[in-house]
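What the coordinates show
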Amino acid sequence: MRLEPIPNPTLGRRLGPPAAALGVTVLFAMALAWVAGADPLAVLGLIVKGAVGSKFALLETLNRATPLIFTGLAVAVAFRAKLWNIGAEAQLYLGAVVTVLLGTGALSWPAPALLPVLGLAAALAGALTLLGPAWAKTRLGVDEVVTTLLLNFIVLLFVSYLLEGPMKDPMGMGWPKSRRLIAEARLPRIVEGLRLHWGFALALIAAVLVWLVQTRTTFGYAMRAVGHNARAARFAGIPVTSVTLATALLSGSLAGLAGFSEVAGLKGNLTLDLSPGFGYTGIIVAMLALLHPLGVVVAALFVAGIFVGADSMSRAAEVPSYIADMLLASALLLVVLALPFTRFRLRWR
Amino acid sequence: MTAGAGARPVVLRVAEVTRRFGDLLANDAITFDLHQGEVVALLGENGAGKTTLMNILFGHYTADAGTVEVFGRPLPPGQPRAALEAGVGMVHQHFTLAENLTVLENIVLGTESLWRPLARQAAARARVERLSRDFGLAVHPDARVGALSVGERQRVEILKALYRDARILILDEPTAVLTPQEAEALFATLRAMVAQGLSVIFISHKMHEVLAISNRVLVLRHGRLVGERATAETGAQELARLMVGADIALPEPRAHSPGAVLLRLSGVKTEPRGRTAGLRGLDLALRAGQITGLAGVSGNGQAALAAVIAGLDAPVEGTLEIAGQVPAAWSPRAAIHAGIGRIPEDRHAEGTIADFTLTENAMLERMAEPPFARAGLIDWAAARRFAERVIADYDVRCPGPDAPIRLLSGGNMQKLILGRALEFGPRIILANQPVRGLDIGAVAYVQRRLIAARDAGAAILLISEDLDEIQAMSDVIHVISEGRLSPPFARGEKTAHELGQWMAGHGFEGADAA
């Protein structure tokens, strides 16, 4: 048995194996449902229905996809430049902290002035959160996987301290939560009456912008060059260290925007359960999207749909919603396993 | 010779050995015999299938079809251990020695019982000393391998094979890393070995070595055995034709009058990196319209010198001047803008980005500036036009400008690198191993282009470990040894033998440029 490279894979060859992997994932999900004692086809139908079956379901899925698009983009941008940012969770939370700090009355400006400032501040907070590990990587050779991952726990404990102490809502009946944002600091809904906020539109715009930056600008070219072959990039005169730091700033600010969008668009205040692991799920999203910025949108919708659909299904069919986590985990593993087959063919000799 | 060898017993019989890699037929029904006490040379260009064949003999690969017999017994495929036990020893191009162990420990490693590793030290030592005396393989058994020269390491590899009772020794490009003197010593060893009844397969692409050492020559081309000649009955001309399949003349530069000094290094020092030497106060002047060849054994500071000229490193001490000016800052970009065209030593790791297209690779060194980009935005149309021009002008065979460059052969990759460097009319060219690993057609092409650039007035530094190439191409030759530079020698002033002495480090102490 051996792998044989395919010189010039066709589009079908490149998309076929990941699609097959997703198909196997669906079969796996049905098997899980059967083990849980439910009718597999019915469970599948309930998941789909719960994700996109009604206007309410669809809007719920889009809302859930919004932070995943941001964190997915953050991861995709960084991974493309071989900067292993596992810390989108921390960057998201610090973005949210800054949004709350400035948006609960510290700045009492009209919405058109306040919202951009909040967004930029949140992006900056996320960017600076990643800048530290990136600096340590370029200057001291410290592995950013370790530093960004551990920063997640530090930041979460720090936020916990803030919510129990300085940022605690005095009117919060003792709950660890922040005060609510002032009305001018809330992202309005895209269409009045529909539960979908401008954060979703912002996420789509961000995806298109990141795509344009990667494909049309010298900075995007430099990021890709550093990611594919840093030694050749350095030889060709691309300043590898600066590019890595700039990539960190871009990646961190995208994750910071996820925090801004969640607080200002959906929750209105900061609690410790603001993110059920959006930062980590962003890694799955980015990998499923093969690190393509527009693919991130599709992957985020897919992942959000599974979460939302599984929640709704578990209420109806009494199958635990953990099935969503198992589904995503197997989807990721199978897609990663399938990727080599987009470029190689298996030969039994 | 063929007739004489026929009387001796056959020790190795290769029959109809075939091996495919995808669409590539690396070995196509290869059949030959090796007799006791003879040296058979396997000659062929890079990619002709020599190394594949040897890896099949030694059990690293399995053949798709065909058999290998050693001393009349079939060799089970795919088992290096079986090959070793049958008496086949192999010395690879890249040595497989543990640097922190002594010579003796390296030789014995793997032959002793795991439970009592030092049980037969004394006997082993006596055996190694006898082997090294019998075959002229001078090396101290207690020396640490890390401290040995390349030539000595090769002797350890050969001793390792002999210690395991090898009766058939396969040497893969053994002279590639040696000075001419070390190569002579190796040949003496090989002659001693065949005199004692051992047999040798000698893989090479250097004609004069093959003619000097072998009894018989097998020529491989595109995976097929295209010729078998008794060495005494053939010559370089015929072998070259068999190897290439056509007459390809390598260019011979005519003498050229040099101009002003375009690049000058004075007293340049750099830190050593790992095992490779740094520069130790080096003076060098590159003149317009002149190819300066840098000869030397690998790891003697070539990499450090190339890094300084390419802008990757700044001198720790000493100065670098471009056309009489000391540049304010020194970086790869500064070097590119100072008009230095750079051909890196490793075209895969340093010269190109494998997953980038030809277009993206062609613009790599100037991607942020016009005509490729304005205000941070890339003009893909202009980049593509440039790539198309390089592809056409430099005869880059490829599926097109949008194909990833990893699909290209080494020669075509090198032509793209050459084109992207030359297209902007560099005044100074750093050509680091520009033809290593290329087939002879590509070699001729790259060399012609470099000579044309010289005739147009460029100052060229040619770095190579191949002394023949240096002697053929250079107007002036320096030898580098342990980070020091010999005085300049004019074309033809020194023989290969004399240059070899400089390469081995002789002549540097107290020797003025006389």
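Residue positions are counted from 1 within each chain, in the order its sequence is given. Each chain gets a letter, beginning with A, and each ligand a number, beginning with 1, in the order they are written. Reporting in this predicted model follows two pLDDT cut-offs: at least 70 for local features of residues, and 80 or more for side-chain atom pairs to be given and counted; totals over whole chains, interfaces and linings ignore these cut-offs and use all residues. Heavy atoms from the whole structure form the basis of all side-chain values; hydrogens and water molecules are not counted.

Here we look at helix α6 (residues 144-164) of chain A
Short version of the rule: The secondary structure listing takes helices from DSSP runs of H or I that are at least 4 residues long and strands from runs of E that are at least 2 residues long, numbered from the N terminus. Helix span, expected: 1.5 Å multiplied by one less than the number of residues in the helix. The buried label goes to any residue with under 20% of its type's maximum accessible area, the exposed label to any with over 50%, and the partly exposed label to all in between, with areas taken from a 1.4 Å probe on protein chains only.
The end-to-end C-alpha distance of α6 of chain A is 30 Å, a good match for the 30 Å that 21 residues give at a rise of 1.5 Å each. Along α6 of chain A, the residues that are buried comprise E144, T148, N152, V155, V159, L162 and L163 of chain A.

Examining the packing of aromatic side chains
Convention followed: Classification of ring pairs rests on two measures: the distance between centres of Phe, Tyr or Trp rings, Trp counted by its six-membered ring, which must be within 6.5 Å, and the angle between planes, read as stacked under 30 degrees, edge-to-face over 60 and tilted in between. Two limits define a charge over a ring: the Lys NZ or Arg CZ must be within 6 Å of the ring centre, and within 35 degrees of the ring normal.
Across all of its chains, the model carries 8 aromatic pairs over all chains by this definition. Both rings, one in Y221 of chain A and one in F356 of chain B, keep their centres 5.4 Å apart while their planes meet at 65°; by these two values the pair is edge-to-face. In this pair, Y221 of chain A sits in helix α8 (residues 218-228) while F356 of chain B sits in the loop between α12 (347-351) and α13 (358-362), so the two residues belong to two different chains. The exposure class assigned to Y221 of chain A is buried, which follows from its relative accessible area of 0%. Given a relative accessible area of 1%, F356 of chain B falls into the buried group. Residue placement shows R19 of chain B over the ring face of Y61 of chain B; its charged tip is 5.6 Å from the ring centre. Seen from the ring of F235 of chain A, R342 of chain B lies directly overhead, with NZ or CZ sitting 4.2 Å from the centre.

Some remarks on a nonpolar patch on the surface
Quick note on the threshold: What makes a patch is a set of residues exposed beyond 30% relative accessible area and free of salt bridges, joined within 9 Å when like-charged and within 5 Å when nonpolar (Val, Leu, Ile, Met, Phe, Trp, Tyr). The Shrake-Rupley method, run with a 1.4 Å probe, gives the accessible areas here. Residue values count only the displayed protein chains as cover. When a carboxyl oxygen of Asp or Glu lies within 4 Å of a side-chain nitrogen of Lys or Arg, that pair is called a salt bridge.
A cluster of nonpolar side chains, contributed by W84, V145, V146, L149, L150, F153 and Y280 of chain A, occupies part of the molecular surface with about 560 Å² of accessible area. Assessed through its relative accessible area of 46%, F153 of chain A is described here as partly exposed.

Re empty space enclosed by the protein
All names here are of chain B. In plain terms, the rule: Lining residues are defined by having an atom within 4 Å of a point belonging to a cavity or pocket. Those points lie on a 1 Å grid over the protein atoms alone, cavities being sets where a 1.4 Å probe fits but cannot get out and pockets being open sets with protein on both sides within 12 Å along at least five of seven lines. Grid points are joined across faces, edges and corners, and a volume is the space filled by probe spheres set on the points. The nonpolar class holds Ala, Val, Leu, Ile, Met, Phe, Trp, Tyr, Cys and Pro. Asp, Glu, Lys and Arg form the charged class, and all remaining residues, Gly among them, are polar. Where each domain begins and ends is defined by an automated method or by a domain database.
One pass over the structure, following the stated rule, counts 1 cavity of 30 Å³ or more. As a volume, the largest cavity reaches approximately 40 Å³. Considering only residue class, the lining of the largest cavity consists of 5 nonpolar, 2 polar and 1 charged. The two domains that each donate at least three residues to the lining of the largest cavity are domain 1 (2-244) and domain 2 (251-339 + 426-514).

Details of the layout of surface pockets
One number sums up the size of the second largest pocket: a volume of about 1,600 Å³. Lining the second largest pocket we find 35 residues, and of these R14, R80, H228 and L290 of chain A together with D355 of chain B sit closest to its centre. Of all elements in the fold, only α1 (11-35), α3 (55-80), α7 (198-216) and α8 of chain A reach the threshold of two or more residues within the lining of the second largest pocket. Examining the composition of the lining of the second largest pocket, we find that 4 residues originate from one element, α7 of chain A, more than from any other. Split by residue class, the lining of the second largest pocket holds 17 nonpolar, 8 polar and 10 charged.

Quick word on the side chain of T234 of chain B
Where we set the bar: N or O atoms within 3.5 Å of each other form a polar contact, as long as, within protein, one can give a hydrogen and the other can take it, and as long as residues adjacent in sequence are counted only when both atoms are side-chain atoms.
Within the secondary structure, T234 of chain B sits in the loop between β10 (224-230) and α9 (236-244). A polar side-chain atom of T234 of chain B sits 2.5 Å from a polar atom in the side chain of E238 of chain B.

Some thoughts on the packing of α8 of chain A against helix α10 (residues 240-267) of chain A
Residues and elements named next belong to chain A. Basically, it comes down to this: To define axes, lines are fitted to C-alpha atoms, for helices over the stretch in contact only, and angles between the resulting N-to-C directions are given on a 0 to 180 degree scale. Angle categories are assigned with fixed cut-offs, so that under 35 degrees is roughly parallel, over 145 is roughly antiparallel, 65 to 115 is roughly perpendicular, and the rest are oblique. We call two residues contacting when some pair of their heavy atoms lies within 4.5 Å.
Interaxial distance between α8 and α10 falls to 10 Å at its minimum, and their mutual angle equals 110°. Taken together, the axes of α8 and α10 are roughly perpendicular relative to one another. Between α8, through F219, A222, M223 and V226, and α10, the contact on the second element is made entirely by V240, V243, T244, A246, T247 and L250. When the residues that make up the contact of α8 with α10 are grouped by side-chain class, the tally is 8 nonpolar, 2 polar and no charged.

Remarks on the sheet that holds strand β4 (residues 65-70) of chain B
All names here are of chain B. We count it as follows: When DSSP finds at least two bridges between two strands, those strands are taken to pair.
Read across the sheet, 4 strands follow the order β2-β1-β4-β5 without closing on themselves; strand pairing throughout is antiparallel. Among the strands making up the open sheet, the edge pair consists of β2 (24-35) and β5 (73-74). As paired elements, strand β1 (residues 10-21) and β2 share 8 bridges and run antiparallel to each other. Each bridged residue has a counterpart across the sheet, and for F21 the counterpart in β2 is L24. Contacting β1, β2 and β4, helix α2 (residues 50-57) crosses the sheet at an angle of about 120° to β1.

So, the nonpolar core
Rule in force here: In plain words, nonpolar cores are sets of buried Ala, Val, Leu, Ile, Met, Phe, Trp, Tyr and Cys residues tied together by side-chain atoms within 4.5 Å.
With 146 residues, the main nonpolar core has Y221, I238 and L270 of chain A together with L450 of chain B as its most contacted residues. With 12 residues, the single largest contributor to this core is α3 of chain A. For this core, the two domains that each supply at least three residues are domain 2 (251-339 + 426-514) and domain 3 (351-424) of chain B. Discounting chain neighbours no more than four positions away, the residues touching L450 of chain B are I343, L418, I429, A431, P434, I460 and M473 of chain B.

Focus on the environment of F153 of chain A
Locating F153 of chain A in the fold gives a position in helix α6. Along the backbone, F153 of chain A and E89 of chain A are 64 residues apart, and their C-alpha atoms lie at a distance of 9.1 Å.

A look at unusual backbone geometry
Across residues other than glycine, the phi torsion is negative in most instances, and most of the peptide bonds are trans. Residues and elements named next belong to chain B. In this model, P370 is joined to P371 through a cis peptide bond whose omega is 5°. Inspection of the secondary structure assignment puts P371 in the loop between α13 and β16 (373-374). Phi is positive for D165, which is not a glycine, with a value near 65°. Inspection of the secondary structure puts D165 in the loop between α6 (150-163) and β7 (168-172).

Here we look at helix α18 (residues 496-503) of chain B
Residues and elements named next belong to chain B. What counts is decided by this rule: Directions from the helix axis toward the C-beta atoms define the arc.
The complete set of buried residues in α18 reads L499, G500, W502 and M503. One face of α18 carries all of its buried residues, which in axial projection span an arc of 160°. Packed against the buried residues of α18 are α7 (180-195), α17 (467-473), β20 (476-481) and β22 (489-490).

Topic: the domain arrangement of chain B
Residues and elements named next belong to chain B. Formally: Note: buried area is the sum, over both parts, of the accessible area (probe 1.4 Å) each one loses when the two are combined.
We note that the domain assignment places domain 1 (2-244), domain 2 (251-339 + 426-514) and domain 3 (351-424) within chain B. When each unit is reduced to the centre of its C-alpha atoms, the spacing between domain 1 and domain 2 is 34 Å. Between domain 1 and domain 2, the contact holds 11 residues from the first and 15 residues from the second. A combined buried area of about 1,100 Å² lies between domain 1 and domain 2, and 56% of that area is made up of carbon and sulfur atoms. In this assembly, domain 1 and domain 2 are joined by 0 salt bridges.

Let's talk about the interface of chain A and chain B
Contacts between chain A and chain B engage 23 residues on the former and 34 residues on the latter. In this assembly, chain A packs against chain B so that about 2,600 Å² is buried in total across both faces, 56% of it on carbon and sulfur atoms. Three residues, T218, Y221 and F235 of chain A, lead the burial of chain A against chain B; their summed loss comes to 30% of the area buried on that side. Scanning the region where chain A abuts chain B turns up 2 salt bridges. The residue R224 of chain A makes a salt bridge to E360 of chain B at a minimum N-O spacing of 2.9 Å. If you look at where chain A meets chain B, you find 10 residue pairs in polar contact (both at pLDDT 80 or more). Considering each element in turn, the side of chain A that touches chain B owes the most residues, 6 residues, to α8 of chain A. Counted by class, the side of chain A that touches chain B contains 8 nonpolar, 7 polar and 8 charged residues.

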